Structures are given as structure tokens and as C-alpha cells.
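These are the residues of each chain, in order.
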Amino acid sequence: MINIWKKILGLARIINPPAKVIGLEMGNTILRLVILGGDRKLLKEESIKLGRGIIENGKIKDKTKLSEALTKLIKQSSLRRPVSVIVSISASNVYLQVFHLPPVARARLEESARLNLQMISPINTKSAYYDWELLDEKGGSPADLLGAFAVSSEIDELTDILEEAGFSVAVIESAPMSLARALGGMLPDLSNPHICLRLSGDGLDFFIMKNGRLYFSYFVSWSSLKEGDKADIDLGKVKEEI
């Protein structure tokens, strides 16, 4: 098992990105592999539908079938193993929170951020992976930071399955974090806040970007928007969430 400490949000700290970027989206109903060139143009996309009961509400329920699907995806993409990927998982598995730090010396920023993460973590830090990203810092002003937290046992389990299938995990982050990075390089005006809504097979992702960075994220699953045992989505509940 590899040590994935610092892999959540780690993408922001890659100084020299590879010429080719490979992203792996893992949802309840689909696995999608996206390959981008050095100019961030789409080179290739492959996907495989997942059967029911393999991943539910972002949680792995059938390790064997998930590993088989991942192995099939690599074979389908004709990539050489191990395939280094940036993994995008459901926002329900990653807790995000913006926090602020008073002006501190750069040498103490890491220490101060780590201490604050331990204080605000929604998960027991002994059983969590957590990391931070500097969002905004102005001389003499408080610094804005984004904290991310995930249950370590769930991340370890996912990493083990990915490695068994032939992947090498470079970064693990939530879907809104991945989208915010992509949109940050596409939006014409980054100075104004942007409200984004993403619809996927898993549910609704609502997130807010400021200066091209993710500041807020909220996820609601389709299952929570159904009325009792009915298969249809309750539009009234959708309007309430939005």
C-alpha cells in the first residue's frame, strides 16, 4: 500500500506537469478515462458503464467487479501499465472547508495550516487524510485556504483496487475540485465569483468559484431526491436544493 498523504489537493503543487495528463472519473454508474495532451486538448476518452451494486453513493460495494471493470478500461484504452492517473471521486467522499489564517511567515504557513485543519476536521484526524491549498494571499491580509478531508480507510481501499487493476495514483480529488481546475483555465473573467451546477449520474454538484479557485461545494445524490420508493425524481425537492 502506498502512502497517499498529500494526494488530496496535491494537483495544485505539481510544478512540472507531464506532457500527457490522464484523468479517471469514478461514479456510481460509470468509469471514464480522459487523456489530455500538453496543450490540454482532448486526445482520447474511454468509458465503461458500471452495473448496480458496484459503487453506491460513492462507496465501494463490490471490490471484485470494480477491479474487473478498471482492468477492462485499461485494456480498452490500450495504455501501458502502470497508468498514472488523477482520480476524480464523488464529492460525497471528500469534505471541503475554507478557513482563514492571519498573516504568518511563509515558513510557518504549513505548520499553521496543519494545526487549523486538525481543529476544524469533520472526521477524527487519526482516521483521515487531509490537506490544504492556498486560495488567496495578500500582503498584510489574512490568507484564504481550502481544506480537504477524506476517510483514510476508504481512500486506502480505493488505492489498493486501482493499483491491482494497473493504475498508479498521482492525485485523488472530488469532482468539483477537478472541474474547478479545468474551468479556471477556460473562463474569460476569473475576478468575479462563478456559481456552477453539475449534473451527473450520481446527483447534483453545486459549487462556487472565485479567482478561478474552488471556495464552496455542495452535493446532493439523486436517491435523496426521490419520494419514498418511487423511481422518479421529485422536482419539488430539486428546486428546494437549488
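Residues numbered from 1 in each chain as written. Predicted model: local features only at pLDDT ≥ 70, side-chain atom pairs only at ≥ 80, totals over all residues. Heavy atoms only, no water.

### Some details on the sheet that holds strand β9 (residues 143-151)
With respect to topology, three strands assemble into an open sheet ordered β7-β9-β8, the strand pairing being antiparallel. Each having just a single partner strand, β7 (95-101) and β8 (128-136) make up the two edges of the open sheet. Direction aside, the axes of adjacent strands within the sheet are offset by 25° on average. Sheet analysis places β8 next to β9, joined by eight bridges and oriented antiparallel. (Pairing = 2+ DSSP bridges. Helix = DSSP H or I, 4+ residues; strand = E, 2+ residues; numbered from the N terminus. Axes fitted to C-alpha atoms, helices over the stretch in contact; angles between N-to-C directions.)

### What to know about the pairing of strand β1 (residues 21-26)
Note: β1 against strand β2 (residues 30-36), six bridges, orientation antiparallel. In the strand pairing of β2, I22 is matched with I35. Between the end of β1 and the start of β2, which pair antiparallel, lie three residues.

### Observations regarding the sheet that holds strand β12 (residues 203-210)
With respect to topology, three strands assemble into an open sheet ordered β11-β12-β13, the strand pairing being antiparallel. What marks the edges here is a single partner per strand, and that holds for β11 (194-199) and β13 (213-221). Along the sheet, successive strands turn relative to each other by an average axial angle of 15°, direction set aside. Pairing of β12 with β13, which is carried by eight bridges, proceeds in the antiparallel orientation. Note on β13: the bridge partner recorded for I208 is F216. Of the strands in this sheet, β11, β12 and β13 touch helix α4 (residues 175-184), which is tilted by about 45° from β12. (Contact = heavy atoms within 4.5 Å.)

### So, the nonpolar core
In this structure, L24, M26, L66, L70, V87, L162 and F167 are the most contacted members of the largest nonpolar core, which totals 41 residues. Apart from residues lying up to four places away in sequence, F167 is in contact with L24, L33, L70, I74, V83, V85 and L162. One finds L117, A128, Y130 and L145 within the second-largest nonpolar core, a separate group that totals twelve residues. (Core = buried A, V, L, I, M, F, W, Y, C linked by side-chain atoms within 4.5 Å. Buried < 20%, exposed > 50% of the residue type's maximum accessible area, 1.4 Å probe, protein only.)

### Things to note about α4
Residues of α4 that are buried: A175, P176, M177, A180 and G184. In this structure, the buried residues of α4 make contact with β6 (83-89), β7, β10 (167-174), β11, β12 and β13.

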